[in-house]
Amino acid sequence: MLILALKNLANNKLRLSLTATAIVLGVGFVVSSLVLRDGLKDSFASLSEDIVGQTDLQVDAADETKNPLSVADLETVRGIDGVDLAEGSVAASDSSPNAIQAIKSDGSTIPTQGPPQIAFGWVDQPELGSSRIEDGRAPEADNEWIVDLDAAATHEFEIGETYDFITPTGRQSGELVGTFRFGEDNTTNGATLYGFTNDTMRDYLDLDADYLSTIQIRTADEADVAEVLELVSVALGNPANASFDDADDLDGLNVIVQDQTDLIAESEDQFNVALDIFGGILLGFALVSLFVSIFIIANTFSIVTAQRVRELGLLRAVGATPGQIRLSVLVESIVIGLVTSLIGIGVGVLIAVGLAAILDAVGLSLPPFELVVSPATVIIALAVGTIVTVVSALSPAIAASRTSPIAAITGTSDSNGRTIGRYIAGAAVLLVGFALLAVGLFGGGETVTAIIAPLGAGAAVLFIGITMLSPLVAGRISRVLGAPFRPLFGITGELSTENAARNPRRTATTAAALMIGLSLVSMAMVMGESFKAEFNRILDTSVQADYLVTSQGSDIPFEVVDVLDDNDAFAQVNSVRAGTAELTNEPVDSSDANGDGGYDITVSTTDYSALDGLLDFGVTEGSLDEIDDTSIALLDTAAEDLDVELGDTVELPLNDDSLVELSVAAIYTDGQIAGSTLISPTQFEQATDTVGVQLVLAKRGEATSVVDGDMAFDAVGAEYPNLTFDSAAEFRESFSSQIDTILNTLTALLGLAIFIALLGIANTLALSVFERTKEIGLLRAVGMSRRQVRRMIRLEASLISGLGAVLGATIGVALGVVAVIAIPDSFISELAVPWSRIFLLVALGSVSGLVAALLPAFRAAKMAVLTAIDS
Amino acid sequence: MSTQANSSAIGSNQTIGLATDRPAAQAVDAVKVYGAGETEVVALNNVNISFATGQFTAIMGPSGSGKSTLMHCMAGLDRLSSGSSHIGDINISELSEKELTLLRRTSVGFIFQGFNLIPTLTAIENIKLPMQLGRQKPNDELLNEVIEAVGLRDRLDHRPTELSGGQQQRVAVARALASAPDVIFADEPTGNLDSTTGAEILDFMRRAVTEFGQTIVMVTHDPVAASYADRVVVLADGNIVDEIHEPTTETILTALSSASQA
Ligand SMILES: Nc1ncnc2c1ncn2[C@@H]1O[C@H](COP(=O)(O)OP(=O)(O)OP(=O)(O)O)[C@@H](O)[C@H]1O
Ligand SMILES: [Mg+2]
């Protein structure tokens, strides 16, 4: 039987290649996501080493805001035995990335969506750190600066020229005096590095004159690093033998001191968190593709088994046991699985390169990376590919083993008797899917995984159930969709409709693959459209401003508010600042995400006397005029969570660890701009570490025309190329296009799954054409032209894809609606279905079948009439 | 045509009776060679034959003698290696693939041994298939007459799987007749049927020739079936070796036995 299985493979190259392509692509996408992740991890690991450089020890403040390092600390360190060299540096804090941005000679800034722009105080000490001056010299005077050599080349910064800077304290201007090389190869992974003197940094960031962010130490050659570490730690006010392992538990510590190994590990960990998320998202899409592949492979196996029924019957007749038949089909699948997975690994590497190129093209450049195919990747690919193939072949193998010897004579299998059982099973599977979805949506999962896992599994199970049930409607839907074919294409149209309807199970399974891809796309569309509707509702009801200033990747400097306020064109100007804090009140439900007993909130503040005509938070009780240093306004849902009412008090911890009691002075309903609480500007300063402003709003003066207002606003905007200055209409537009970009990226990632689905349609048609050789021959004999044959196959394909598109859109819209309803109203309360887009999707999905039919149609038309009749 | 207006609908579409000297189908110096070199098989060795309009011809001969080959080449399903074949005035050896398709649709009818009907179409749809492929409106009068004649009125909306083998063949005959082709080719049309059912079909084909003036060429191994024909042509090794007019079962058997001895 083994020999038979292998011979079978060798004799059916076409069928093999069609099945193989689906597996290769499914496995390939999985491999590519792993290859990308591993490659990027490697690349960031070497970056981490470069960042740490030759530093033996590094000192950071345990609490940056309350108790930063100072120049005095540096002097203390320098006096310690075993410290050979110590330097302090001022860097922009992690909480305000891109705080300092250079303006290029063409007046633009470097886009902040990509890799970050990092400014730091240059330590001109080759023995520490890992950067060396390449050309020119180090910055010495105020405002002088240097930049890494690749950024200099990319953005055309010339030494000797003077450039403007956007900083938290306003616009500055300084001469570029040199370029530097970071590490051996300047592998900044795309980031732009600016070096200033420490004093310049303090000036730009509005920091105290003796402030330092870090102290880097090189120990003397003969000194024991661990001993020096302890000396430094104690000298800077830590208790003896302090442990720095747990970053969340630094109580009682003044500073953190880490050696080289810890520093590298910490840096890698930070990168890996982001990379794991990125890799996880890719892997998620890869699994969708793989899942779709299963349908294709299973369908191919079952069609092929049905076609081999005569052969299998003969084997049974000459004495093969059901077990032997089953084994032969399974062995065939194992061989296919192993071989194609191997090819899939190769293809995966190519897909990784392609993905990187695509991401680059849409402006999400990945840093340079090596293609890393780890042993784990190889094992995962082989296992996944083989298991998927064998699982797909399982049910056809069982069906094959049930072939009766009589099939050798009749050529038909009697496998249609168990359909009722199949539908009952399908319904049961469907219910399990619904149950899992319900657990994900309403089960109150505490972590992202606890929500995503049941949702993903639920969707997968749901799709399987729908596929098992869809043969019930596949015939009918095909006939409805094909109804216009009869008047349009005559008997050719009718034949195609009947062909699609004659084998509902085959049609349904083939369509299922497309259904999955398209349902995910349409679900995303519904959610995206609802987001847009929600956003528009906010703009309609809560934001009345004519102009808005926003920013991506950095805070808005305070001076923007002042500049606009001083301009006569604007009658009213206000700003919103936002940050995070944690109320110590015990929440009623489980909104305590990190499980430390407090209630995590977003806090915002604004000038409550200047809200008229700009913002409306939808206050239902109390008044925002009352907000002072002893009061707070709560979002209605937050008030519910905390079980407090107007007049009750909540406790807010401040940066200095003291607690302030605030009485609830107002309850409001629109939290999309303000978040869950509003407090006074003074308390905001003390409770958060937010430096700048997140949103600036302005209202045109009565006497100012729209044109004049726009011009005045744009004139201010020209001074801040890193900020976005939008009129209310532009603001709407840009949000809408952001959502569209996300949707497009999503669709592109689902594109592979859709492509595999189309491949499946081609596959099924090719096998059907082969199966109907005689029929096509007869049609040709009685006068069907080649064109008509091609058209017949193409129309059948469009019916299969149409079925997939209709089912997919229906399910996708339903899932999208449920998701929008399940998401808390404070986040999204509007439900909007983009019907025209959904219809377009259905139309495109249906038409896509035509593409899939190209090859099978060509083959069918090429078939010689006689061989067809004689066969 | 107007002179025929009062005769049967089938006859009215035919040129029968007007030009008996012009054959409905004809093969001239027909040679068909399969393969090349060692595996070369000469299936037709310079065959000359013509089928008169309104005549029922049976082609007989031992297995492998070239009967099917001759039929396929004359019907435009296959091409000759040399020589020419004609349907009416048309030299089909010169036709393009597209023109051949149109010719099959309108001027030639087929009845095969086993697989004759499209399983997804009902009986009536199968009958109308050639016309519908050309998007022509069927001649309703003719269609009615044919359906009446094959006696399938109550089975018209059934699918092939719901019909018996004999009924299926009758639908096939009806389809061949319904487009009133110049000639109908039938390859062992009764080969799969029991003798009673077979006789019904043959009876029906006979009537189509006698009553409607249809031209039929039928390949068969069965001397009884061949005895329904006006003329029997015997093939052996790709040559015409004998020809009987007004055949009876006995004369056919005699001719066949001498052919197999040759
Ligand atoms: N496609 C082909 N390729 C090669 N040889 C062929 C092909 N078709 C037919 N032949 C050969 O041509 C000869 C005539 O075949 P044909 O099918 O015409 O015989 P036949 O008289 O119809 O026989 P039967 O009564 O068995 O149907 C045979 O020797 C056959 O082997
Ligand atoms: Mg034959």
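In what follows, the accompanying structure is described.

Basis of the calculations
Residues numbered from 1 in each chain as written. Chains lettered and ligands numbered in written order. Predicted model: local features only at pLDDT ≥ 70, side-chain atom pairs only at ≥ 80, totals over all residues. Heavy atoms only, no water. Helix = DSSP H or I, 4+ residues; strand = E, 2+ residues; numbered from the N terminus. Rg over C-alpha atoms; globule rule 2.2 N^0.38 Å. Buried < 20%, exposed > 50% of the residue type's maximum accessible area, 1.4 Å probe, protein only. Lys, Arg positive; Asp, Glu negative; His and termini not counted. Charge placed at Lys NZ, Arg CZ, Asp CG, Glu CD. Near = heavy atom within 4 Å. Polar contact = N/O pair within 3.5 Å; in protein donor to acceptor, adjacent residues only side chain to side chain. Areas by Shrake-Rupley, 256 points an atom, 1.4 Å probe, with all protein chains shown as cover. Nonpolar A, V, L, I, M, F, W, Y, C, P; charged D, E, K, R; others polar. Arc of directions from axis to C-beta. Contact = heavy atoms within 4.5 Å. Patch = residues over 30% accessible without salt bridge, like charges linked within 9 Å, V, L, I, M, F, W, Y side chains within 5 Å. Salt bridge = Lys/Arg side-chain N within 4 Å of Asp/Glu carboxyl O. Pairing = 2+ DSSP bridges.

**Things to note about the overall build of chain B**
- Across its full length, chain B carries nine helices and 10 strands.
- In terms of overall dimensions, chain B is globule-like: its C-alpha atoms have a radius of gyration of 18 Å, near the 18 Å expected for 262 residues.
- For the C-alpha atoms alone, the extent of chain B along its principal axes is close to 50 × 40 × 40 Å.
- The buried share of chain B, taken over its 262 residues, is 55%.
- Where the 18 positive side-chain charges of chain B centre and where its 31 negative ones centre are 9 Å apart.

**Notes on the site of ligand 1**
Residue and element names in this part refer to chain B.
- Every residue close to ligand 1 is listed here: Tyr34, Val41, Ala43, Ser63, Gly64, Ser65, Gly66, Lys67, Ser68, Thr69, Glu188 and His221.
- In this structure, Ser63 approaches ligand 1 through a side-chain N or O atom, which is 2.4 Å from an oxygen atom.
- At a separation of 3.0 Å, an oxygen atom of ligand 1 approaches a polar backbone atom of Gly66.
- When ligand 1 is considered free in solution it has 630 Å² of accessible area, and contact with the protein chains removes 59% of it.
- Going through the elements one at a time, strand E2 (41–52) and helix H2 (67–75) are the ones with two or more residues in the shell around ligand 1.
- Take the shell around ligand 1: its biggest share by element is three residues, from H2.
- Along the lines of polarity and charge, the residues of the shell around ligand 1 split into three nonpolar, seven polar and two charged.

**With respect to helix H18 (residues 558–566) of chain A**
All names here are of chain A.
- Regarding H18, the residues found buried are Val560, Val561 and Leu564. In a view along the axis of H18, the buried residues occupy a sector of 100°, so they form one face of it.
- Against strand E14 (547–551), strand E15 (570–583), strand E22 (695–700), helix H22 (706–718) and strand E23 (723–727) lie the buried residues of H18.

**Here's the deal with a nonpolar patch on the surface**
- Together, Ile334, Leu338, Val339, Leu342 and Ile343 of chain A line one region of the surface with nonpolar side chains, adding up to about 420 Å² of accessible area.
- Within the element layout of this structure, Ile343 of chain A appears in helix H9 (residues 322–361).

**Thoughts on the side chain of Glu796 of chain A**
- Counting through the fold element by element, Glu796 of chain A comes out in helix H25 (residues 786–822).
- Other than its neighbours up to four places away in sequence, Glu796 of chain A contacts Ser496, Asn499, Ala500, Leu765 and Arg772 of chain A.

**Examining the pairing of strand E8 (residues 216–219) of chain B**
All names here are of chain B.
- Here E8 shows no split at all, with Ile216 and Met218 on one side and Val217 and Val219 on the other all buried.
- Bridge count between strand E3 (residues 56–60) and E8: four bridges; the pairing is parallel. Bridge pairing in E8 places Ala58 opposite Met218.
- In this structure, strand E7 (residues 183–187) lies alongside E8, joined through four bridges in parallel fashion. Its bridge partner lying in E8, Asp187 is registered against Val219.

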